[in-house]
Amino acid sequence: MPENRYPSTPGQPAPRTGQEHYTAPFDEGGLGAVDAVETTEAPRSFWRESWREMRSRAMFWVAAAIIVLVLVVAAFPGLFTSVHPRLDCSLSLSLDGPTAGHPFGFDFQGCDIYARTVYGARASVLVGVMATAMVIVLGTAIGAIAGYYGGWFDTILSRITDIFFAIPLVLAAIVIMSITANRTSFTVAFVLALFGWTSIARITRGTVLSVKNNEFVTAARALGMGRGAILLKHVLPNSAAPIIVYATVALGTFIVAEATLSFLGIGLPPSVVSWGGDISTAQRAIRISPEIMLYPAGGLALTVLGFIMMGDVVRDALDPKARKR
Amino acid sequence: MLWYLGRRLLQVIPVFLGATLLLYALVFLRPGDPVNALGGERGLPEAVQDEIRARYNLDQPFLVQYLLFLRGVFTLDFGVDFRGREILDVMAGAFPVTFQLALMALAIEAIFGVGFGLVAGMRKGGWFDGSVLVMSLFVIAVPTFVIGFVAQLGLGVRLGWFPVTAGRDPDFYSLLMPAIVLGAVSFAYVLRLTRTSVAENLSADYVRTARAKGLQRSQVTGRHVLRNSLIPVVTFLGADLGNLMAGAIVTEGIFNINGVGGTLYDAIVRGENVTVVSLTTVLVLVYIAANLLVDLLYAALDPRIRYA
């Protein structure tokens, strides 16, 4: 497919060639701007332009650094501590302050808080990433089919979306998690995704509805492309921007939701080291040593902060309306 | 307008039926037998179990049970729970407090979120905008329950400015801190939404026209910029009321408030299925009603929307 000369944002039709500038017959100054455009260089695509925009922001690098750090910690916690978070505990050390080799001190059970904070990253990241992936697949599929095929598909899928939208996420998660016997990262992510896909479906449906009326879609049909192929090759890639923006922020909110469920005691079981569970146990000793809660809460906040900041940067980069000229 | 209202009400029916059926199925098709569990370890004789099942319609097929429940919803007769209490009484004891708490949180996030967001959006890029934006990021990133514990310990226990817990029959003052905590995250969202919306509308043509025709600054801001910027904010607030009432379960736990959250959790643990679905049905109804109200508010805010 030839590169789009005038990249448009999803949601807005591309300007027609020759209509971007109106130059008065005697306005020589106006032509200067046209001449200044480099014509030897290949036109930049929407995505490359956005990437350039993103790279220039300091916030992008801060967010990226936080996310990479959290991902590395989640994948290889052993690199950061040699202390085991659950087995190297001694009740005689309960609530003891920081000592050499144990920079954060010890929790109620006498476990090393630093090790528990490091190992807690995995549960949060795993649930957040899995739930977001499921939400993207489910929400995009339902929203795209509803928006692209329209008619009865749209009516039925939109009503189903409304039904799931009407049930608050935390409420549904509490009801389902309380009846789930085998609670793992996967089941928590699945439950969050089952009631969290509606926003992406609505966003996708909206953008697909406007993208499918573009000329390149008509052109593809005229060339004899099948409806399914057009949806996958032309409509969906051009609807991706708002989905990516929402997904980045959603990852942060899913991590908070997991922590909330673990805090309520119906998320991950106590055998899994998680920030939500650790905050819940730290709460028992909050009047004696409140600083214990600081570490798992800090890890959680930092992770969510990274993803929300990234979502902000991505939104600014992918939305030309918000770009500062 | 009336025609629109009627069509909108018709749309609500499948959503209400679908959502309640889904919740009913989730609660009643779960493994385990609450009737058998009533007897503890020894169990109850078969005849007693059958008698209890018949009394609570548990011997009927699933769909019949659901329809009987639905009839109860419309006749306001939810039945009794296993301990013999009227479920309507249980709900009447739980909902007023939670509703008050959620409304207070909604008011706080609306007033402060829109106020801060308006000032930040008017001077986008300034020092106030920058600091408010960073603050909102932190409020979103720190989970509600951590904010709750820190507020309880700091403002309640250490400084003594607020009551530490609300307890039975709380007054406005003792619900204030829980409401601030409950509304904190949404406050940050409202702030950011207002800020973006205001900054976008400031460069709109109609604002330039309003300025050009010599309107005063305050009138341009209040009548044109703010009113148009409120549309996405109102949408968010409408959907948020339901989330606040359901999400209050955490805040209510921290501040010891006897509201919907505690009652729901208790009912789930005890296997009081009818109480669980009754409470959740009312929550879904609140959610639907709030969204309906928002749709009608659009007409008042956006001059382009007319329900002819």
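Residues numbered from 1 in each chain as written. Chains lettered and ligands numbered in written order. Predicted model: local features only at pLDDT ≥ 70, side-chain atom pairs only at ≥ 80, totals over all residues. Heavy atoms only, no water.

J.: Tell me about unusual backbone geometry, and please be specific about residues and values.
T.: As a rule of thumb, non-glycine residues mostly have phi less than zero, and peptide bonds are mostly trans rather than cis. Residues and elements named next belong to chain B. Although it is not a glycine, Leu76 sits at a positive phi angle of roughly 55°. Position of Leu76 among the secondary structure elements: in the loop between α4 (62–74) and α5 (87–122). For Leu76, a relative accessible area of 56% puts it in the exposed group. A positive phi angle, close to 55°, is found at Asn256, a residue other than glycine. Positionally, Asn256 belongs in the loop between α10 (217–254) and α11 (260–270). According to the relative accessible area criterion, Asn256 is partly exposed, its value standing at 41%. (Helix = DSSP H or I, 4+ residues; strand = E, 2+ residues; numbered from the N terminus. Buried < 20%, exposed > 50% of the residue type's maximum accessible area, 1.4 Å probe, protein only.)

J.: Give me the lowdown on a nonpolar patch on the surface, citing residues and values where you can.
T.: Residue and element names in this part refer to chain A. Together, Val68, Leu69, Val72, Phe76, Leu79, Phe80 and Leu302 line one region of the surface with nonpolar side chains, adding up to about 630 Å² of accessible area. Looking at which element gives the most residues to the nonpolar patch, the answer is helix α3 (residues 58–75), with 3 residues. For Phe80, the location among the structural elements is in the loop between α3 and α4 (113–149). Assessed through its relative accessible area of 31%, Phe80 is described here as partly exposed. (Patch = residues over 30% accessible without salt bridge, like charges linked within 9 Å, V, L, I, M, F, W, Y side chains within 5 Å. Areas by Shrake-Rupley, 256 points an atom, 1.4 Å probe, with all protein chains shown as cover. Salt bridge = Lys/Arg side-chain N within 4 Å of Asp/Glu carboxyl O.)

J.: Account for the nonpolar core, naming residues and giving values.
T.: Judged by nonpolar contacts, the single largest core of 153 residues is most densely connected at Leu192 and Leu261 of chain A together with Phe145 of chain B. For Leu192 of chain A, the contacting residues outside a window of four places in its chain are Val127, Ala131, Leu169, Ala173, Phe254, Ala257, Glu258 and Leu261 of chain A. If you look at the next biggest cluster of nonpolar residues, it comprises 10 residues, including Val208, Val211, Val217 and Val235 of chain A. (Core = buried A, V, L, I, M, F, W, Y, C linked by side-chain atoms within 4.5 Å. Contact = heavy atoms within 4.5 Å.)

J.: Kindly report on α10 of chain B, identifying the contributing residues and their values.
T.: All names here are of chain B. With 38 residues, α10 should cover 56 Å at 1.5 Å per step; its first-to-last C-alpha distance of 45 Å lies more than 12% under that length. At Ala248, α10 is bent by approximately 40°, the largest bend along its length. Backbone geometry just after α10 places Asn256 at a positive phi near 55°. (Expected span 1.5 Å × (residues − 1). Bend = angle between axes of the 7 residues up to and from the residue.)

J.: Just give me the short version of the packing of aromatic side chains, but keep the residues and values in it.
T.: What the rule picks out here adds up to 18 aromatic pairs over all chains. Taking 5.7 Å as the distance between ring centres and 80° as the angle between the ring planes, the aromatic pair formed by Trp51 of chain A and Phe60 of chain A counts as edge-to-face. By relative accessible area, Phe60 of chain A is classed as buried at 7%. The interplanar angle of 45° and the centroid separation of 5.3 Å between the aromatic rings of Phe164 of chain A and Phe195 of chain A together place this pair among those described as tilted. With Phe164 of chain A in helix α5 (residues 151–165) and Phe195 of chain A in the loop between α7 (185–194) and α8 (198–211), the pair connects residues that are 31 residues apart, well separated along the chain. Residue Phe164 of chain A shares its accessibility class with Phe195 of chain A, and that shared class is buried. Among the aromatic residues, those joined into a ring-pair cluster are Phe112, Phe116, Trp127, Phe128 and Phe187 of chain B. (Phe/Tyr/Trp six-rings, centres within 6.5 Å; stacked < 30°, edge-to-face > 60°.)

J.: Give a detailed account of the side chain of Thr161 of chain A, specifying residues and quantitative values.
T.: Residue and element names in this part refer to chain A. Within the element layout of this structure, Thr161 appears in helix α5. Look at Thr161 and you get buried, because its relative accessible area is 5%. Residues within four places of Thr161 in sequence aside, it is in contact with Ile142, Trp197, Thr198, Ala201 and Arg202.

J.: For the interface of chain B and chain A, give the residues involved together with the corresponding values.
T.: Listed as interface residues are 41 residues of chain B and, on the opposing side, 38 residues of chain A. For the chain B face of the interface with chain A, the top three residues by lost area are Leu137, Phe145 and Phe149 of chain B, together amounting to 16%. Our count for the contact surface shared by chain B and chain A stands at 1 salt bridge. Its salt-bridge partner being Asp312 of chain A, residue Arg192 of chain B comes within 2.5 Å of it at the nearest N-O pair. At the surface where chain B touches chain A, the tally comes to 3 residue pairs in polar contact (both at pLDDT 80 or more). Breaking the side of chain B that touches chain A down by element, the ones donating at least two residues are α1 (2–28), α6 (127–141), α7 (144–158), α8 (172–202), α10, α11 and α12 (273–301) of chain B. With 9 residues, the single largest contributor to the side of chain B that touches chain A is α1 of chain B. Taken together, the residues that form the side of chain B that touches chain A break down as 31 nonpolar, 6 polar and 4 charged. (Buried area = accessible area lost by both parts, 1.4 Å probe. Polar contact = N/O pair within 3.5 Å; in protein donor to acceptor, adjacent residues only side chain to side chain. Nonpolar A, V, L, I, M, F, W, Y, C, P; charged D, E, K, R; others polar.)

J.: Explain the confidence of the model for chain B to me, and be specific about the residues and the numbers.
T.: Residue and element names in this part refer to chain B. Looking at chain B as a whole, its pLDDT mean stands at 83, while 97% of the residues score no less than 70. Element-level mean pLDDT values for chain B span from 72 in helix α2 (residues 34–38) up to 89 in α5. Scored by ipTM, the complex comes to 0.81, with pTM at 0.80. (pLDDT = per-residue confidence, 0-100.)

J.: Kindly report on the environment of Met245 of chain B, identifying the contributing residues and their values.
T.: Residues and elements named next belong to chain B. Here Met245 is to be found in helix α10. Classification of Met245 as buried rests on a relative accessible area of 2%. Residues Met245 and Gln100, spaced 145 residues apart in sequence, show a C-alpha to C-alpha distance of 9.5 Å. Beyond its immediate sequence surroundings of up to four residues, Met245 is in contact with Phe95, Thr98, Phe99, Ala102, Leu283 and Val286.

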